[in-house]
Amino acid sequence: MVRRRAACAPLAGLLLTMLLGPPAVQPAKEVFTNTFYVQLKGPHGADKAHEIAKRSGFENLGSVLGSPHEFHFVHRGLSAARTKRSVPHLRQLKAHPLVRRVVQQTGFSRQKRGFRPLRQRRGYKPLRVENLVELEPHKDPTDPFFKYQWYLKNTGQNGGKPKLDLNVEAAWAQGITGRNVTTAIMDDGVDYMHPDLRERFNAEASYDFSSNDPFPYPRYTDDWFNSHGTRCAGEVSAARDNGVCGVGIAYNSRVAGIRMLDQPYMTDLIEANSMGHEPNLIDIYSASWGPTDDGETVDGPRNATMRAIVRGVNEGRHGLGNIYVWASGDGGEDDDCNCDGYAASMWTISINSAINDGENAHYDESCSSTIASTFSNGAKDPTTGVATTDLYGQCTKTHSGTSAAAPEAAGVFALALEA
Ligand SMILES: [Ca+2]
Ligand SMILES: [Ca+2]
Ligand SMILES: [Ca+2]
């Protein structure tokens, strides 16, 4: 995968190429982190790797994709972001007779999709309840936010088109609710103490690759920046009829939290370990992030990450294959999801979004890899956002972007897997 900054808006790019030749390749905005991929000569195992790491002043964070000869080292004495390779440290590791290959991990940027920075959020007016159409509760879920979940049951609330929804009630009526299916939310963490999620949380399948511990709880910030994963998790698995928030599409399925977006830089090994985590406990992996949607970024999965996805698809779920769901991107007409190697990959299912009247969302990108569209918030109207769980036991009505669309597809796939 060539990483470069180039004009990615389709027409602009084509015109520029015709007029000026191929766009000038500029150095990617990458840094060198203090983490290293270390391949040993043969399957010497974790004990040997620990010994080699310790002897050279490194720490072994663990194996890469469960391999007995590939490991993830960190050097705490090095800066987490340097502009140059740390040649003495590379040499030191390579000098060990059991070490075959060492790659210092570059750090790059991966952006949550659909998240609005605080300065934009401040302009938002809270949703006015009097503007919403009240539904007649029938055999619908009794959860207080179900009436705002127009993507599950569109009755025309907020100007939407009645019956334009995921039609999940037809699946629920057949008793299909996602039992025994686990969806992993690869994101900024999941509030697994949330009363709508805690019964659905699959701790065994969860991990925190941002902090290297088993607890993928979101890191607190004043602006609730790390609410993204919790919002996605509720769309898939929030509990039914418990008086809390709304209901998940596959409300008896389980959700795993894979925290991996919350560190200064993304690396190939963090992505690879996330996408290769517990492929026999996790059925579906959902990603609502990717390379920056600025119309200038051409980027995609690196080597170890590609291996993780290909292995999951071919061998995960005890040979049935994992499903990787991807948000296709929020760059609008200025961007093109062909330039996003995750969304455009043949190994992922990339999901675009439609709004509550069936039109495209204004931030949708277009490309041939888009498999399906689910629902997200309407045009520029924030009152038609996606209602789901939020941090610290709260609920939200404003989850948005293809970020909100991809987990809906994951929920539908969870229903399909159970069926
Ligand atoms: Ca943690
Ligand atoms: Ca609920
Ligand atoms: Ca994009």
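Residues numbered from 1 in each chain as written. Chains lettered and ligands numbered in written order. Predicted model: local features only at pLDDT ≥ 70, side-chain atom pairs only at ≥ 80, totals over all residues. Heavy atoms only, no water.

K.L.:
Tell me what's going on with the nonpolar core, and back it up with residues and numbers.
P.N.:
Looking at soluble globular proteins, one finds that nonpolar side chains tend to be buried together. Counting residues in each nonpolar core, the largest one holds 36 residues, and the members touching the most others are Tyr151, Leu152 and Val325. Of all the secondary-structure elements, those providing two or more residues to this core are α5 (168-173), α6 (228-237), β13 (323-327), β14 (349-354) and α9 (402-418). The leading source of residues in this core is α9, at seven residues. Not counting residues within four places of it along the chain, the set of residues in contact with Tyr151 comprises Asp165, Leu166, Glu235, Ile249, Phe375, Val386, Ala387 and Glu408. Formed by 30 residues, the second largest nonpolar core is a distinct cluster that contains Met260, Ala304, Tyr324 and Ala343. (Core = buried A, V, L, I, M, F, W, Y, C linked by side-chain atoms within 4.5 Å. Buried < 20%, exposed > 50% of the residue type's maximum accessible area, 1.4 Å probe, protein only. Helix = DSSP H or I, 4+ residues; strand = E, 2+ residues; numbered from the N terminus. Contact = heavy atoms within 4.5 Å.)

K.L.:
Tell me about the coordination of the calcium ion (ligand 1), and name the residues and values.
P.N.:
Protein coordination at the calcium ion (ligand 1): the donors are Asp208 (OD), Asp213 (OD), Asp213 (OD) and Phe215 (O), at 2.3 to 2.6 Å from the metal. Counting along the primary sequence, the residues that act as donors to the calcium ion (ligand 1) give the motif D-x4-D-x1-F. With relative accessibility at 2%, the residue Asp208 sits in the buried group. Residue classification places Asp213 among the partly exposed positions, given a relative accessible area of 21%. (Donors = N, O, S within 2.8 Å, 3.2 Å for Na, K, Ca; no water.)

K.L.:
Account for the pairing of strand β9 (residues 254-259), naming residues and giving values.
P.N.:
The two faces of a sheet get side chains in turn, since along a regular strand they alternate between them. Among the six residues that make up β9, five are buried, leaving the element largely enclosed by the rest of the structure. Of the strand pairs in this sheet, strand β7 (residues 182-187) and β9 are connected by six bridges, and their pairing is parallel. Note on β9: the bridge partner recorded for Ile185 is Gly257. Relative to β9, strand β8 (residues 207-208) runs parallel, the two being bridged by two bridges. Opposite Asp208, over in β9, you have Arg259 as the bridge partner. (Pairing = 2+ DSSP bridges.)

K.L.:
Provide a residue-level description of the state of the cysteines, including the pertinent values.
P.N.:
Covalently bonding the sulfur atom of one cysteine to the sulfur atom of another cysteine gives a disulfide. Under the criterion given, the structure shown has two disulfides. What pairs with Cys245 in a disulfide is Cys395, and their sulfur atoms sit 2.1 Å apart. With the S-S dihedral at roughly -90°, the linkage between Cys245 and Cys395 falls on the left-handed side. In this pair, Cys245 is assigned in the loop between α6 and β9 and Cys395 in strand β17 (residues 395-399), connecting sequence segments 150 residues apart. At a sulfur-sulfur separation of 2.3 Å, the disulfide partner of Cys337 is Cys367. In this structure the cystine formed by Cys337 and Cys367 twists about its S-S bond by roughly -110°; its chirality is therefore left-handed. One end of the pair, Cys337, is in the loop between β13 and β14; the other, Cys367, is in the loop between β14 and β15 (370-375), with 30 residues separating them in the sequence. What makes Cys337 buried here is its relative accessible area of 0%. You can call Cys367 buried: its relative accessible area is 13%. (Disulfide = S-S within 2.5 Å.)

K.L.:
I'd like a description of the side chain of His96, backed by residues and values.
P.N.:
With respect to the helices and strands, His96 occurs in the loop between α3 (87-94) and β5 (99-107). Setting aside its immediate chain neighbours within four residues, His96 contacts Ile52 and Arg55.

K.L.:
Please provide a residue-by-residue account of the coordination of the calcium ion (ligand 2), values included.
P.N.:
Here the calcium ion (ligand 2) is held by Asp143 (OD), Asp196 (OD), Asp196 (OD), Ala239 (O), Asn242 (OD1), Val244 (O) and Gly246 (O), and the distances to it run 2.3 to 2.7 Å. Expressed as a motif, the donor residue spacing for the calcium ion (ligand 2) is D-x52-D-x42-A-x2-N-x1-V-x1-G. Of this pair, Asp143 sits in the loop between α4 (118-121) and α5 while Ala239 sits in the loop between α6 and β9, and the two are 96 residues apart along the sequence. For Asp143, a relative accessible area of 3% gives the class buried. The exposure class of Ala239 is buried, given its relative accessible area of 7%.

K.L.:
Provide a residue-level description of the pairing of β17, including the pertinent values.
P.N.:
For strand β16 (residues 386-389) and β17, the ladder comprises three bridges, and the chain directions are antiparallel. Each bridged residue has a counterpart across the sheet, and for Thr389 the counterpart in β17 is Cys395. Count of turn residues in the β16/β17 antiparallel hairpin: five residues, of which Tyr392 carries a positive phi of about 55°.

Function cannot be inferred from these measures alone, as they are strictly geometric.
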